[in-house]
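Overview (structure and organization)
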Amino acid sequence: MYASVETGGDSGASADHVRAVDFRSDTISVPTPSMRHAMFTAVVGDDVYGEDPTVRQLEQRSAALFGKEAALFVPSGTMANLLAMMVHCSRRGTEAIVGDIAHGFLYEQGGAAQIAGVLLNTIKNNPDGTFCLNELVRKFRGFDIHEPNTVLVMVENTHNMCGGKVLPLDWLEKLATICREKGAKVHMDGARVFNAATYLDLPVSRVVRDVDSVCFCLSKGLACPVGSILLGTKEFIKEAHRLRKALGGGMRQVGFLAAAGLCALDEIVPKLKDDHARTRRVAEAIDQLGSPIFKVDLANLHTNILMVEILSKKIHSSDFARRLATVAPGELEAGIVDADGKGIAVKVSARDWTFARIVIYTNITDEEVELAIKKIRYVVAEYEKDL
């Protein structure tokens with residue numbers, strides 16, 4: 001799935017002499033020293049009994065930040081989304097409408113059907129992560145006995161496969177109005193919703209105002225080792241809490257993990273703007289190359305996710321990723337090295353896509369950004385020479 005650091009046979013660069021810059025995902029992020037200290041000194045209890053004070057503090061603080069009645073700590077964003085579907089779609093024969101390139105549809109193993117017994121009905125995502133609201137109205141079902149009942153609409157903010165796009169607030173408001181009229185709920189997969197709030201320069205409570213439930217991830221750009229938070233009404237969270245146990249998500253002294261989450265809210269959230277700025281620096285460098293092969297949409301770059309479009313059918317994204325992660329013969333002599341003379345390997349995400357994905361997070365430094373730009377320029381020039 002992902003490129004690995006490799007070295008060319010005659011490059012003279014062994015793995016010990018390679019500087020890796022890992023842009024594959026913000027899930028690569030690691031806890032800061034202050035997080036590690038907070039985890040080590042956390043006051044904990046049995047969370048299944050509701051007796052872990054650090055978990056309760058994180059849940060209460062999250063609920064206040066998001067303007068929701070209650071919150072629940074869960075092991076992952078996948079579980080958070082699944083719990084939301086299980087609560088909102090509790091009746092048999094119900095369905096949820098979701099974008100056709102949403103994470104919940106593509107990358108959560110069909111848990112809606114596999115575990116929750118919920119049908120996912122897809123709607124085409126626009127490039128900005130939205131979808132046509134007129135089409136949404138036509139998608140609602142349940143008016144005929146042959147049809148499932150549409151009871152939930154799911155949105156993703158920021159939208160991963162749309163390049164970290166932030167959903168427009170007026171669009172969310174219109175969508176919520178439609179859903180209320182139809183008797184349906186709205187759930188936001190807000191794994192990176194703090195990035196959306198940073199981009200909009202608004203409190204996260206405003207970003208999620210019009211949705212019935214929302215989750216955010218602690219272990220992506222917020223640099224925590226584990227966890228997500230699911231938020232909604234007290235009744236919603238009460239039922240989600242019960243179902244979490246059935247899914248194996250009831251943990252005991254989990255305050256050790258929640259302590260990192262509390263640190264993230266204080267330490268990492270205010271720094272997300274720096275991740276955005278570093279992502280833009282990489283995008284500008286690629287854009288300035290004016291390459292006929294590799295292109296970025298600089299004008300519509302919102303947050304910390306950058307899609308590098310590959311315009312040549314002769315180049316597969318996985319090959320491009322593999323080349324960036326390889327220190328090939330001649331690179332050291334060409335000066336593609338760090339300050340210590342180490343070769344540079346850049347890891348990016350690539351599958352069967354027509355693009356490679358770059359994601360920047362809090363552990364990435366300005367120096368590493370410049371090293372990555374140096375390597376990307378070299379590799380792009382190499383491809384252009386060969387075509």
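Residues numbered from 1 in each chain as written. Predicted model: local features only at pLDDT ≥ 70, side-chain atom pairs only at ≥ 80, totals over all residues. Heavy atoms only, no water.

What UniProt states about the protein under its Sequence similarities (unreviewed entry) heading is, verbatim, "Belongs to the threonine aldolase family." As stated in UniProt under Cofactor (unreviewed entry), the record for the protein gives "pyridoxal 5'-phosphate". (UniProt positions renumbered as here; feature names shortened; annotations may be inferred.)

With that settled, the discussion passes to the sheet that holds strand β7 (residues 185-189). Strand order in the open sheet formed by 7 strands is β3-β9-β8-β7-β6-β4-β5, with mixed pairing between adjacent strands. The sheet is open, and its two edges are formed by β3 (70-74) and β5 (119-123), each paired on a single side. On average, each strand axis in the sheet is tilted by 20 degrees relative to the strand beside it, whichever way the strands run. As defined by bridge partners, strand β4 (residues 94-99) adjoins β5 across 5 bridges and the pair is classed as parallel. Of the residues in β5, the one forming a bridge with Ala-96 is Leu-120. In the packing of helix α10 (residues 234-246) onto the sheet, contacts are made with β3, β8 (213-217) and β9 (228-232), and the angle to β3 comes to roughly 20 degrees. (Pairing = 2+ DSSP bridges. Helix = DSSP H or I, 4+ residues; strand = E, 2+ residues; numbered from the N terminus. Axes fitted to C-alpha atoms, helices over the stretch in contact; angles between N-to-C directions. Contact = heavy atoms within 4.5 Å.)

Turning to the nonpolar core, a few remarks are in order. Grouped together as the largest cluster of nonpolar side chains are 57 residues, with contacts concentrated most on Phe-66, Leu-136, Leu-175, Phe-194, Phe-216 and Leu-222. For this core, the leading source of residues is helix α11 (residues 255-267), giving 8 residues. Setting aside residues no more than four positions away along its own chain, Phe-194 makes contact with Phe-66, Val-204, Phe-216, Leu-222, Leu-265, Val-269 and Leu-272. (Core = buried A, V, L, I, M, F, W, Y, C linked by side-chain atoms within 4.5 Å. Buried < 20%, exposed > 50% of the residue type's maximum accessible area, 1.4 Å probe, protein only.)

Once that is clear, we can look at the state of the cysteines. Following the criterion strictly, the structure yields 0 disulfides and no others. In this structure Cys-89 is not part of a disulfide, and its nearest cysteine sulfur, from Cys-179, lies 12 Å away. Judged by its relative accessible area of 5%, Cys-89 is buried. Cys-179 supplies the cysteine sulfur nearest to Cys-132, a cysteine that is in no disulfide, at a spacing of 14 Å. Judged by its relative accessible area of 31%, Cys-132 falls in the partly exposed class. (Disulfide = S-S within 2.5 Å.)

This paragraph deals with the packing of helix α12 (residues 272-289) against helix α14 (residues 366-386). Relative orientation of the contacting elements α12 and α14 amounts to 20 degrees, with a least axis distance of 10 Å. Looking at the two axes, α12 sits roughly parallel to α14. Two packed elements cross with a definite hand, and for α12 against α14 that hand is right-handed. Facing α12, whose interface residues are Arg-278, Arg-281, Val-282, Ala-285, Ile-286 and Leu-289, α14 presents Asp-366, Val-369, Glu-370, Ile-373, Ile-376, Arg-377 and Val-380. (Parallel < 35°, antiparallel > 145°, perpendicular 65-115°, else oblique. Left-handed = near helix turned anticlockwise from the far one by under 90°.)

This part covers helix α13 (residues 317-324). Taken residue by residue, α13 has Ser-317, Phe-320, Ala-321, Arg-323 and Leu-324 as its buried positions. Each buried residue of α13 sits inside an arc of 160 degrees when the element is viewed along its axis, so together they form one side. Residues of α13 that are buried sit in contact with β10 (294-295), β11 (305-310), β12 (326-327), β13 (343-347), β14 (355-359) and α14. (Arc of directions from axis to C-beta.)

Turning next to the sheet that holds β10. The strands that make up a sheet are held in pairs by hydrogen bonds between backbone atoms, and each pair lies either parallel or antiparallel. The strand order across the open sheet formed by 3 strands is β10-β11-β14, and the pairing between neighbours is antiparallel. The two strands at the open ends of the sheet, each matched to only one other strand, are β10 and β14. Strand direction decides the pairing type here: β11 and β14, joined by 5 bridges, are antiparallel. Counterpart to Glu-309 in the pairing with β14 is Phe-355.

Thr-158 follows Asn-157 through a cis peptide bond whose omega is 5 degrees. Tracing the backbone shows Thr-158 in the loop between β6 (149-156) and α7 (169-182). Its identity as a non-glycine residue notwithstanding, Gln-109 has a phi of 60 degrees, on the positive side. Along the chain, the position of Gln-109 falls in the loop between α4 (103-106) and α5 (111-114). For Asp-201, which is not glycine, the phi torsion reads 55 degrees and is therefore positive. Looking at the element boundaries, Asp-201 is found in the loop between α8 (193-200) and α9 (204-207). On the basis of relative accessibility, which here comes to 69%, the residue Asp-201 falls in the exposed class.

The UniProt record annotates "domain: Aromatic amino acid beta-eliminating lyase/threonine aldolase" (unreviewed entry) at residues 22-306. Across residues 22-306 one finds 42% helix and 15% strand; the C-alpha atoms that close the span lie 14 Å apart.

For the structure on display, the rule yields 8 aromatic pairs. Note on Phe-194 and Phe-216: the rings are 5.2 Å apart at their centroids and 90 degrees apart in plane angle, and the pair reads as edge-to-face. Here the residue Phe-194 occupies a position in helix α8, and Phe-216 occupies one in strand β8, the gap between them amounting to 22 residues. Pair check on accessibility: Phe-194 and Phe-216 agree, each one buried. Three or more aromatic residues joined by ring pairs form one cluster here, namely Phe-66, Phe-194 and Phe-216. (Phe/Tyr/Trp six-rings, centres within 6.5 Å; stacked < 30°, edge-to-face > 60°.)

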